Amino acid sequence: GAVVSQHPSRVICKSGTSVKIECRSLDFQATTMFWYRQFPKQSLMLMATSNEGSKATYEQGVEKDKFLINHASLTLSTLTVTSAHPEDSSFYICSARSGGDQPQHFGDGTRLSIL
Amino acid sequence: KNQVEQSPQSLIILEGKNCTLQCNYTVSPFSNLRWYKQDTGRGPVSLTIMTFSENTKSNGRYTATLDADTKQSSLHITASQLSDSASYICVVSGWGGADGLTFGKGTHLIIQP
């Protein structure tokens, strides 16, 4: 149980393109979803927290107009990297949990490469 | 500032050998500590979780220990297998804001045949 699916697993696109990443909880309802970014040999860094039906809460230093997050249903959250540039290249991971006292379950990540 | 420090940064051992990974933290107040295994190009998968009152927790060949007084944890892997090659991340949960998770940088473990 507690499976989180992330799609796509890998994206390669040109600079200036907008990229959408989907995160789905397959067998539970996720009241909260989290988006992380991970650079090589570094910790996961929280970018934003999203609760279903409300605006995402962004961590300090994360541009909300750059990284658009939508959590329209209890099983789906999307992260859109707008006008992506090479410095946005990274490993993006989502996680989801069903309640405040429940653990986060992680997706398998999306490797984003901007040329 | 809440921090989680892991050591060693990387480790190479032969298949069948045991190893111990370390995690020191300064997160306060403390809620729980998790060890995750992250295979290359994949998301983290939870191995163990320990709360303040728990000293040890096992999951197959993985045994985690916690000393809440010294704020140290270890993950011991017994009879290592090639599939154990991965990054092992220590994550400490405090209270407040965004689950209050603080991630370590991980220990990159390589098991050689």
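Before going into details, it helps to say that this report is about the structure given with it. In this text the structure is predicted, and so the values were computed from the model without any measurement.

**Topic: the overall build of chain A**
Piece 1. Looking only at helices and strands, chain A features zero helices and 11 strands.
Piece 2. Start at the N end of chain A and walk to the C end: the helices and strands fall as β-β-β-β-β-β-β-β-β-β-β.
Piece 3. By the compact-globule yardstick of 13 Å for 115 residues, chain A fits well, its C-alpha radius of gyration being 13 Å.
Piece 4. Projecting the C-alpha coordinates of chain A onto the three principal axes gives extents of approximately 40 × 25 × 25 Å.
Piece 5. Per-residue burial for chain A yields a buried fraction of 48% across its 115 residues.
Piece 6. Taking the contacts inside chain A whose residues are at least 6 apart along the sequence as the reference set, 54% of them involve residues at least 24 apart.
Piece 7. By element, 49% of the accessible surface of chain A is carried by carbon and sulfur atoms, the whole surface being about 5700 Å².
Piece 8. Positive and negative side-chain charges of chain A, numbering 11 and 10 respectively, have mean locations separated by a distance of 6 Å.

**Structural notes on the sheet that holds strand 1 (residues 4–7) of chain A**
Residues and elements named next belong to chain A.
Piece 1. Spatial strand order, 1-3-8-7: four strands in an open sheet with antiparallel pairing. The sheet is open, and its two edges are formed by strand 1 and strand 7 (67–73), each paired on a single side. When strand polarity is set aside, the average angle formed by the axes of neighbouring strands in this sheet is 15°.
Piece 2. Where strand 3 (residues 19–25) lies against strand 8 (residues 76–81), six bridges are found, and the strand directions are antiparallel. For V19, the partnering residue across the bridge sits in strand 8 and is V81.

**Quick look at the interface of chain A and chain B**
Piece 1. Contact with chain A, which involves 18 residues of that partner, is made by 14 residues of chain B.
Piece 2. At the boundary of chain A with chain B, the tally comes to one salt bridge.
Piece 3. The closest approach of N and O atoms between B:R42 and A:D108, which form a salt bridge, is 2.8 Å.
Piece 4. Applying the counting criterion to the chain A and chain B interface returns six residue pairs in polar contact (both at pLDDT 80 or more).
Piece 5. Secondary-structure elements contributing two or more residues to the side of chain A that touches chain B are strand 4 (32–38), strand 5 (44–51) and strand 9 (90–97) of chain A.

**Concerning the environment of B:T40**
Piece 1. For B:T40, the position within the fold is in the loop between strand 4 (32–38) and strand 5 (45–51).
Piece 2. Taking the relative accessible area as the measure of exposure, B:T40 reaches 74% and is therefore exposed.

**Considerations on the pairing of strand 3 of chain A**
All names here are of chain A.
Piece 1. Every second residue of strand 3 is oriented toward a common face, the buried set being V19, I21, C23 and S25 and the non-buried set K20, E22 and R24.
Piece 2. As defined by bridge partners, strand 1 adjoins strand 3 across four bridges and the pair is classed as antiparallel. Considered in strand 3, the bridge of H7 is made with E22.

**Examining the sheet that holds strand 8 (residues 72–77) of chain B**
Residue and element names in this part refer to chain B.
Piece 1. Strand order in the open sheet formed by five strands is 1-3-8-7-6, and the pairing between neighbours is antiparallel. For this open sheet the edge positions go to strand 1 (4–7) and strand 6 (56–59), each flanked by a neighbour on one side alone. Each strand of the sheet is rotated relative to its neighbour by a mean of 15°, with strand direction disregarded.
Piece 2. Pairing between strand 6 and strand 7 (residues 62–67): four bridges, direction antiparallel. By the bridge assignment for strand 7, T56 is matched with T65.

Cut-offs applied
Residues numbered from 1 in each chain as written. Chains lettered and ligands numbered in written order. Predicted model: local features only at pLDDT ≥ 70, side-chain atom pairs only at ≥ 80, totals over all residues. Heavy atoms only, no water. Helix = DSSP H or I, 4+ residues; strand = E, 2+ residues; numbered from the N terminus. Rg over C-alpha atoms; globule rule 2.2 N^0.38 Å. Buried < 20%, exposed > 50% of the residue type's maximum accessible area, 1.4 Å probe, protein only. Contact = heavy atoms within 4.5 Å. Areas by Shrake-Rupley, 256 points an atom, 1.4 Å probe, with all protein chains shown as cover. Lys, Arg positive; Asp, Glu negative; His and termini not counted. Charge placed at Lys NZ, Arg CZ, Asp CG, Glu CD. Pairing = 2+ DSSP bridges. Axes fitted to C-alpha atoms, helices over the stretch in contact; angles between N-to-C directions. Salt bridge = Lys/Arg side-chain N within 4 Å of Asp/Glu carboxyl O. Polar contact = N/O pair within 3.5 Å; in protein donor to acceptor, adjacent residues only side chain to side chain.

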